Amino acid sequence: MCWSWSEPGVGSWAIGSQSLTSPFILAPMAGLTNWPFRRLALSYGAGLTVTEMVSAVALAHRGPKTVGLLRTDSRLERPFCAQLFGKAPESLAQAAQIAQELGADIIDLNFGCPARKVVNSGHGVALLKDLALAESLARAVTRAVSIPVTVKTRLAWAPGWPGVFELAPRLAAAGVAAITLHGRYGTQGFAGEADWAAIQRLAENSSLPIIGSGDVTSPEEAVSRLRSSGVAAVMIGRAARGRPWIFRQSLEVLGGGEATPPTWEERLAVALRHARWLFEDLGPRAAFPLRTILMWYARELRGAAALREAINREEKVERQLELLEISFREGAYQR
Ligand SMILES: Cc1cc2nc3c(=O)[nH]c(=O)nc-3n(C[C@H](O)[C@H](O)[C@H](O)COP(=O)(O)O)c2cc1C
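Computed from a predicted model, the values in this text were never measured in an experiment. Residue indices begin from 1 for each chain and proceed along its sequence in written order. For a predicted model such as this one, the threshold for reporting local features is a pLDDT of at least 70, and the threshold for listing and counting side-chain atom pairs is 80 or more; totals across whole chains, interfaces and linings nevertheless cover every residue.

**Here we look at the domain arrangement of the chain**
Short version of the rule: Those domain boundaries reflect an automatic or database domain assignment. A pair of residues counts as a contact when their C-beta atoms, built from backbone coordinates, are separated by no more than 7 Å.
Per the domain assignment, the segments making up the chain are domain 1 (15-254) and domain 2 (264-330). The C-alpha centroid of domain 2 is placed 29 Å from the C-alpha centroid of domain 1. Between domain 1 and domain 2, the residue contacts involve eight residues of the former and nine residues of the latter.

Printed below as a string of structure tokens:
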């Protein structure tokens, strides 16, 4: 199916009953795309955000930690897309119902995670070794919920194996509303390059909207992938870390303009907002993830290495933020 993103100007597209106004999506990233990060991406116009992957078995037990992964604000995150992983049709279907009850507008199924722990237990991209099971999981979920169901997957388990080209028509027949394809094999992890020619082939040959994922590093690349590959939307993952404005910039480029770089004041304000929202969720425990997160925002400062060391030594969020502010405000570090 072809989508008309080739003309400047923003249109809209849909996943089943859910219409979306931007074709640039924040990729799900375990440990990262919690509500604070998704909220920032949304504030910069991301068309869709997806939760981190949530275990179907754990969700069925309704443990507070697992339910917490589905925290959102329904005034700000619509549609709300919850990603689930599981390998048993019944428990995945049950978890999807719970996610729907908790406010999900879209259920995304993870058939793509290559992490050893996930694959060794038969989850994530290991499901591509058994396409009949993958299909039956999707069918069980589409039958269990009244909201659109999507699947995020990779090319195949390994080169030479049947994979997404065989699976896509089966998923369409099972009632799946869209497929996200990360253009790598399961056995590849993150090595090599994402195969956008294969993503384009799927987009040209599938009846479903295809979302392309892999190695988009700039707003210009997001737009050129969107225009040249015929996908309905492009996902941005690693390049959005510390750069949530990439969604605004991608829309600027799509509209025929140039990407406006954020000012240093904006970068600092966004970093502080990210930290504040994380602190609201985690309290003093936020100091640990903030060691990494604050440096995403500060990595382009001169003297970033010294700042990283100083922030790593601090156990109090307040002190970490003071150090960050001094670095930005003194301007001494700016490249
Ligand atoms: C730290 C990290 C965690 C990820 N976690 C998930 C996940 O929970 N679910 C998922 O479908 N993909 C996950 N991914 C894959 C991304 O969604 C995306 O497909 C991949 O990173 C390629 O896109 P990128 O080059 O824009 O980062 C993760 C990637 C990274 C780097």
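Moving on from the coordinates now.
**So, the pairing of strand β10 (residues 210-213)**
Let me state the cut-off plainly: Exposure classes come from backbone-placed C-beta atoms, where a residue is buried if 20 or more other C-beta atoms lie within 10 Å of its own, exposed if 12 or fewer do, and partly exposed in between. By definition, any uninterrupted DSSP run of H or I lasting at least four residues is a helix, any uninterrupted run of E lasting at least two residues is a strand, and each is numbered from the N terminus. Note on pairing: two strands pair once DSSP finds at least 2 bridges between them. Classification remark: right-handed applies to a crossover when, strands pointing away from the viewer, the course from the first strand over the helix to the second runs clockwise.
Burial along β10 is two-sided: the face carrying Ile210 and Gly212 and the face carrying Ile211 and Ser213 are both buried. Of the pairings in the sheet, the one linking strand β9 (residues 178-182) to β10 comprises four bridges and is parallel in character. Opposite Thr180, over in β10, you have Ile211 as the bridge partner. For the segment spanning β9, helix α8 (residues 196-205) and β10, crossover handedness is right-handed. Relative to strand β11 (residues 233-236), β10 runs parallel, the two sharing three bridges. Each bridged residue has a counterpart across the sheet, and for Gly212 the counterpart in β11 is Val234. The handedness of the β10 to β11 crossover, carried by helix α9 (residues 219-229), is right-handed.

**Side note on helix α4 (residues 89-101)**
Worth spelling out the cut-off: Each helix should span, by expectation, one fewer than its residue count multiplied by 1.5 Å.
Across its 13 residues, α4 extends 18 Å between first and last C-alpha, which sits within 8% of the 18 Å expected from 1.5 Å per residue. Considered for burial, the residues of α4 that qualify are Leu92, Ala93, Ala95, Ala96, Ile98 and Ala99. Tucked inside the fold, the buried residues of α4 contact α2 (56-60), β6 (81-85), β7 (106-111) and α6 (131-144). Among the residues trailing α4, Gly103 stands out with phi positive, at a value near 115°.

**Overview of the nonpolar core**
Quick reminder of the rule: Each nonpolar core reported here comprises buried Ala, Val, Leu, Ile, Met, Phe, Trp, Tyr and Cys residues connected via C-beta atoms within 7 Å.
Leu84, Ala99, Ile107, Ala138, Val141, Ile210 and Ile236 are the most contacted members of the largest nonpolar core, which has 91 residues in total. Discounting chain neighbours no more than four positions away, the residues touching Ile107 are Ala82, Leu84, Ala96, Ala99, Val141, Val145, Ile147 and Val149. One finds Leu278, Ala287, Leu307 and Leu321 within the second-largest nonpolar core, a separate group that totals 18 residues.

**Remarks on the sheet that holds β11**
Think of a sheet as strands paired side by side through backbone hydrogen bonds, with each pair either parallel or antiparallel. Stated formally: Here the axes come from fitting lines to C-alpha atoms, over the contacting stretch only for helices, and the angles between their N-to-C directions go from 0 to 180 degrees.
The strand order β4-β3-β11-β10-β9-β8-β7-β6-β5 describes an open sheet built from nine strands, whose pairing is parallel. With one partner strand each, in any of the chains shown, β4 (48-49) and β5 (54-55) form the two edges of the open sheet. Sheet analysis places β6 next to β7, joined by four bridges and oriented parallel. Bridge assignment links Cys81 to a residue of β7, and that residue is Ile106. Packing of α4 onto the sheet brings it into contact with β6 and β7, and relative to β6 it is tilted by some 160°. Along the sheet, α6 makes contact with β7 and β8 (149-154), crossing β7 at roughly 165°.

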